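Understanding the architecture of this molecule
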Amino acid sequence: MWPFLYQTMGKIGPQAGNLLAGVLLVKYAGPSVFGQYTVALAVFNLIFGTISAALIIDYQRNGKKEFFELYTKHQFSFLLLFFPVTWITLVYLDLSGFSILAIGIAVFGLKFSDLLSAKFRFNNKDIYSILPRTLPIFAFCILLFLIKPESIEYISAVFFACWVVLSIASARPRAINLNGIRSALRKSNDLKPLWLSLLCTQAFGGIDLVLIGRLGSDESVAIFKIGYTFASFLMPIVSVLNFMFLTKISTYKIPIGKKLKFDISLQTLFLCLIGFSGIIFSFLIFPQFSNQLYGEIGGAAVEIVKILSFALFFNMVGTVFSYILIFLKKDKMVFVINMAGALIYLLLTILSIRYFGLVEVAYSMLIAHSVIMFFMLFVALRFLRDSWEI
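Residues numbered from 1 in each chain as written. Predicted model: local features only at pLDDT ≥ 70, side-chain atom pairs only at ≥ 80, totals over all residues. Heavy atoms only, no water.

On to the packing of aromatic side chains, then. Under the defined criterion, the tally for this structure stands at 16 aromatic pairs. An angle of 15° between the planes, with centres 4.8 Å apart, marks the rings of Phe204 and Tyr345 as stacked. Taken together, the residues span a long stretch of sequence, with Phe204 in helix α9 (residues 203-215) and Tyr345 in helix α15 (residues 331-355) at a distance of 141 residues. Per residue, the accessibility class of Phe204 equals that of Tyr345, and both read buried. An angle of 70° between the planes, with centres 5.8 Å apart, marks the rings of Phe313 and Phe314 as edge-to-face. Judged by its relative accessible area of 25%, Phe314 is partly exposed. (Phe/Tyr/Trp six-rings, centres within 6.5 Å; stacked < 30°, edge-to-face > 60°. Helix = DSSP H or I, 4+ residues; strand = E, 2+ residues; numbered from the N terminus. Buried < 20%, exposed > 50% of the residue type's maximum accessible area, 1.4 Å probe, protein only.)

Among the nonpolar cores identified, the biggest contains 116 residues, and Phe140 and Phe224 are the most heavily contacted of them. Here Phe140 is in contact with Ala21, Tyr37, Ile155, Val158, Phe159 and Cys162, once residues within four sequence places are set aside. (Core = buried A, V, L, I, M, F, W, Y, C linked by side-chain atoms within 4.5 Å. Contact = heavy atoms within 4.5 Å.)

Next up on the list: the side chain of Ser156. Tracing the backbone shows Ser156 in helix α6 (residues 152-170). We classify Ser156 as buried; its relative accessible area is 0%. From its side chain, Ser156 meets the backbone oxygen of Ile152 in a polar contact 2.7 Å long. Other than its neighbours up to four places away in sequence, Ser156 contacts Ser99, Ala102 and Ile103. (Polar contact = N/O pair within 3.5 Å; in protein donor to acceptor, adjacent residues only side chain to side chain.)

Before going further, it helps to examine the side chain of Ser290. Tracing the backbone through its elements, the reader meets Ser290 in helix α12 (residues 258-294). In this view, Ser290 contacts Gly295, Gly298, Gly299 and Val302; residues no more than four positions away in its chain are not counted.

Take the packing of helix α8 (residues 192-201) against α15 next. Running from N to C, α8 and α15 point in directions that differ by 20°, and their axes come no closer than 8 Å. By the angle between their directions, the pair α8 and α15 is classed as roughly parallel. Crossing handedness for the pair α8 and α15: left-handed. Taking contact as the criterion, the partners of Pro193, Leu194, Leu196, Ser197, Cys200 and Thr201 in α8 are, on α15, Asp331, Lys332, Val334, Phe335, Asn338, Met339 and Ala342. (Axes fitted to C-alpha atoms, helices over the stretch in contact; angles between N-to-C directions. Parallel < 35°, antiparallel > 145°, perpendicular 65-115°, else oblique. Left-handed = near helix turned anticlockwise from the far one by under 90°.)

This part covers helix α11 (residues 235-249). Given a rise of 1.5 Å per residue, 15 residues ought to cover 21 Å, and the 21 Å separating the end C-alpha atoms of α11 matches this to within 8%. The buried fraction of α11 amounts to 11 of the 15 residues, a majority that puts the element mostly inside the structure. The set of residues buried in α11 consists of Pro236, Ile237, Val238, Val240, Leu241, Asn242, Phe243, Phe245, Leu246, Thr247 and Ile249. (Expected span 1.5 Å × (residues − 1).)

Turning our attention to the packing of α9 against helix α16 (residues 358-384). Where α9 contacts α16, the axes come no closer than 12 Å and their chain directions differ by 150°. As far as their axial angle goes, α16 and α9 are roughly antiparallel. As for the relative orientation of α9 and α16, their crossing is right-handed in sense. Across from Phe204, Gly205, Asp208 and Ile212 in α9, the residues of α16 making contact are Leu358, Val361, Met365, Ala368, His369 and Ile372. Looking at side-chain class alone, the contact of α9 with α16 contains seven nonpolar, two polar and one charged residues. (Nonpolar A, V, L, I, M, F, W, Y, C, P; charged D, E, K, R; others polar.)

Moving on, we get to the confidence of the model for the protein. Chain-level pLDDT for the protein is 80 on average; 81% of the residues reach the 70-or-more range. Predicted confidence in the protein is weakest over helix α7 (residues 178-190), with a mean pLDDT of 62, and strongest over α16, with 92. (pLDDT = per-residue confidence, 0-100.)

See below:
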């Protein structure tokens, strides 16, 4: 029970901090600048964040805590390898070189905190996973309140200042060498199916934000980001449950039996309850304070939050079965399903932005997540059929 509570606090703290940071950024810098900041983070998560997430999942799946140093080296090498692509992308999106560098270094520290959390889980020291995730984001909020930055450059500098300590701690000199980069390239090849699968998930709350910014406006990005943030505000709990679920089932031997069936049923039940709670929040609670927090754009986000709460419900249930497929080493199947869902969503998103509006983009996400959940469920149960009677 305590490990779950500590890991949950380590996830909910940053989520609450990000919500507060969003409110402060809209208030002091305006919706357009908040939209630029959101797009910058989305691009870093798309290019570097996905391979880093794949690395962390692989670390959990292997179940060997002594691999932490090796995975830290891999993570830093990936940053060096992918930074030039990220730089070119963000320059194309009209972000300054200073902002790109500052946010990039900060994002590395942020991702390192997730790797630290996995290490603490293996060592049964979950309480230590709270501060590395939570302290920097609340420091960011405090500095935003004190400085009141009005440009993306000032915001980038503040963001950098809050995460740079973790970035320096993880970027050890022995990780910066040619052999380390070669080793990371070999690991990236092993992780390719999982990495590509996670890349597809960035269509939701990542690539879509970039498209909205290019085909629409930075203010539209801010509105959709607010909607997505509040619709997914319970996702940190889902993330912790899935994190502990994968850590637990990674100890099971194949073929598996009734014990895993019970774990899957319990996990699905928990996530359904969380999903329903999110829907209730989106319909009954968020509309009551949206205008007070964000002004007019808060009111514009209300309908989007309601639709996305159903989309995230399907997403939550689907993650259970995607992790089962990852446990079974069916990474390629997870990638194919996620890719199909991502392509459906991005196609519908482009059409919605050009001919309709943000509400239709939200419906596009609902359709895509429901398709992904159905196929994850169908394929996972098919692979598990030999282990028990369905």
